[in-house]
Amino acid sequence: MDQEKKKKPIGFNIIKNDPTDGHGGFGIGALSLDNVSPVFVDVEAGDAFVDIGAMHARSTVERGIKFLPNKEDVPNGKPYWLVWVTIDRKQEGPYYAGVTACEMTVDREIRRGYKSLPEHVNKMDKSMKRHIMVDHMDDRSKAILQNYLESHDKGMWERASEDLKKGLATN
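About the cut-offs
- Residues numbered from 1 in each chain as written.
- Predicted model: local features only at pLDDT ≥ 70, side-chain atom pairs only at ≥ 80, totals over all residues.
- Heavy atoms only, no water.
- Buried < 20%, exposed > 50% of the residue type's maximum accessible area, 1.4 Å probe, protein only.
- Helix = DSSP H or I, 4+ residues; strand = E, 2+ residues; numbered from the N terminus.
- Pairing = 2+ DSSP bridges.
- Phe/Tyr/Trp six-rings, centres within 6.5 Å; stacked < 30°, edge-to-face > 60°.
- Lys NZ or Arg CZ within 6 Å of the ring centre and 35° of its normal.
- Expected span 1.5 Å × (residues − 1).
- Arc of directions from axis to C-beta.
- Contact = heavy atoms within 4.5 Å.
- Salt bridge = Lys/Arg side-chain N within 4 Å of Asp/Glu carboxyl O.

### Here we look at the pairing of strand 5 (residues 93-107)
Part 1 of the reasoning: Among the 15 residues that make up strand 5, 14 are buried, leaving the element largely enclosed by the rest of the structure.
Part 2 of the reasoning: The pairing of strand 4 (residues 78-90) with strand 5 spans 13 bridges and is classified as antiparallel. Bridged to Trp81 within strand 5 is Glu103.
Part 3 of the reasoning: In textbook terms, the turn of a hairpin is the stretch between consecutive antiparallel strands, and for strand 4 and strand 5 this stretch comprises 2 residues.

Written out as structure tokens, the structure reads:
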């Protein structure tokens, strides 16, 4: 595989036009996965990145790992946050509308990890419904996520709700 193609960063999902084209029929008000992006926060590396594979639990972080429901069963797991970021559009332009964070740990050496699949599904749903759920993140992770969202698109950050900005504010 060509190295340049492999290293190409994946950006946020593009906001697509309304599939109903304003006719008001079936699907109006239905949630679409087209505007949700999974952002990983690598706590130790101090980095954040989008990996669309997480939509089906097939991200590079998750691949080859058997996930267990008890955090205690993975005592040496490397900490990650999987953050579901929903982008919506208002008159002024696109903005971060829903942002919800899920805890995850991965121990590559033993090929085990911790995550709560029901939590991941529920948080993705909450993000699509425009909820902000980031209060439970540690300050370092909040700062990494805020920096990533701001640097990805300053305008989308500025148009985001005060709830998101307060939720990611660190002391």
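Here the narrative resumes.
### Here's the deal with the packing of aromatic side chains
Two descriptors summarise a pair of aromatic rings, namely the distance from one centre to the other and the angle between the planes of the rings.
Part 1 of the reasoning: Applying the stated rule across the entire model yields 2 aromatic pairs.
Part 2 of the reasoning: Plain terms: the ring middles of Phe40 and Phe49 are 5.6 Å apart, the flat faces sit at 20° to each other, and that makes the pair stacked.
Part 3 of the reasoning: Overall, Phe49 belongs to the partly exposed group, its relative accessible area being 23%.
Part 4 of the reasoning: A cation over an aromatic ring shows up here: Lys90 above the ring of Tyr95, its NZ or CZ 4.5 Å from the ring centre.
Part 5 of the reasoning: The aromatic ring of Phe67 is capped on one face by Lys115, whose charged end is 4.5 Å from the ring centroid.

### Topic: helix 2 (residues 117-128)
Part 1 of the reasoning: An ideal rise of 1.5 Å per residue puts 16 Å on 12 residues; helix 2 measures up with 17 Å between its terminal C-alpha atoms.
Part 2 of the reasoning: If you check which residues of helix 2 are buried, you get His120, Lys123, Met124, Ser127 and Met128. Looking straight down helix 2, one finds its buried side chains confined to an arc of 140°; they lie on one side.
Part 3 of the reasoning: Those residues of helix 2 hidden inside the fold are in contact with strand 1 (36-42), strand 4, strand 5 and strand 7 (132-133).
Part 4 of the reasoning: Looking at the residues trailing helix 2, positive phi occurs at Arg130, about 70°.

### A closer look at the pattern of salt bridges
Part 1 of the reasoning: Following the criterion strictly, the structure yields 8 salt bridges and no others.
Part 2 of the reasoning: Among the salt bridges present, the one from Glu103 reaches Lys71, with a minimum N-O distance of 2.3 Å. Pair noted here: Glu103 is in strand 5 and Lys71 is in the loop between strand 3 (66-68) and strand 4, with a separation of 32 residues, a long-range link.
Part 3 of the reasoning: Classification of Glu103 by relative accessible area gives partly exposed; the value is 25%.

### Some details on unusual backbone geometry
Part 1 of the reasoning: One non-glycine residue with positive phi stands out, namely Ala57, at about 55°.
Part 2 of the reasoning: The residue Ala57 is located in the loop between strand 2 (47-50) and strand 3 in this model.
Part 3 of the reasoning: Here Arg111, not a glycine, exhibits a phi torsion of approximately 55°, which is positive.
Part 4 of the reasoning: If you trace the backbone, Arg111 turns up in the loop between strand 5 and strand 6 (112-114).

### Observations concerning the pairing of strand 2
Part 1 of the reasoning: Along strand 2, the buried face is formed by Ala48 and Val50; none of Asp47 and Phe49, which line the opposite face, is buried.
Part 2 of the reasoning: Bridge count between strand 1 and strand 2: 4 bridges; the pairing is antiparallel. Across the sheet, residue Asp42 finds its bridge partner in strand 2, namely Asp47.
Part 3 of the reasoning: The hairpin formed by strand 1 and strand 2 contains 4 residues between the paired strands, and Gly46 there has a positive phi angle of roughly 70°.

### Notes on the environment of Met55
Part 1 of the reasoning: In this fold, Met55 is placed in the loop between strand 2 and strand 3.
Part 2 of the reasoning: The class for Met55 is buried, based on a relative accessible area of 18%.
Part 3 of the reasoning: The spatial distance from the C-alpha of Met55 to the C-alpha of Val36 is 8.9 Å, given a sequence separation of 19 residues.

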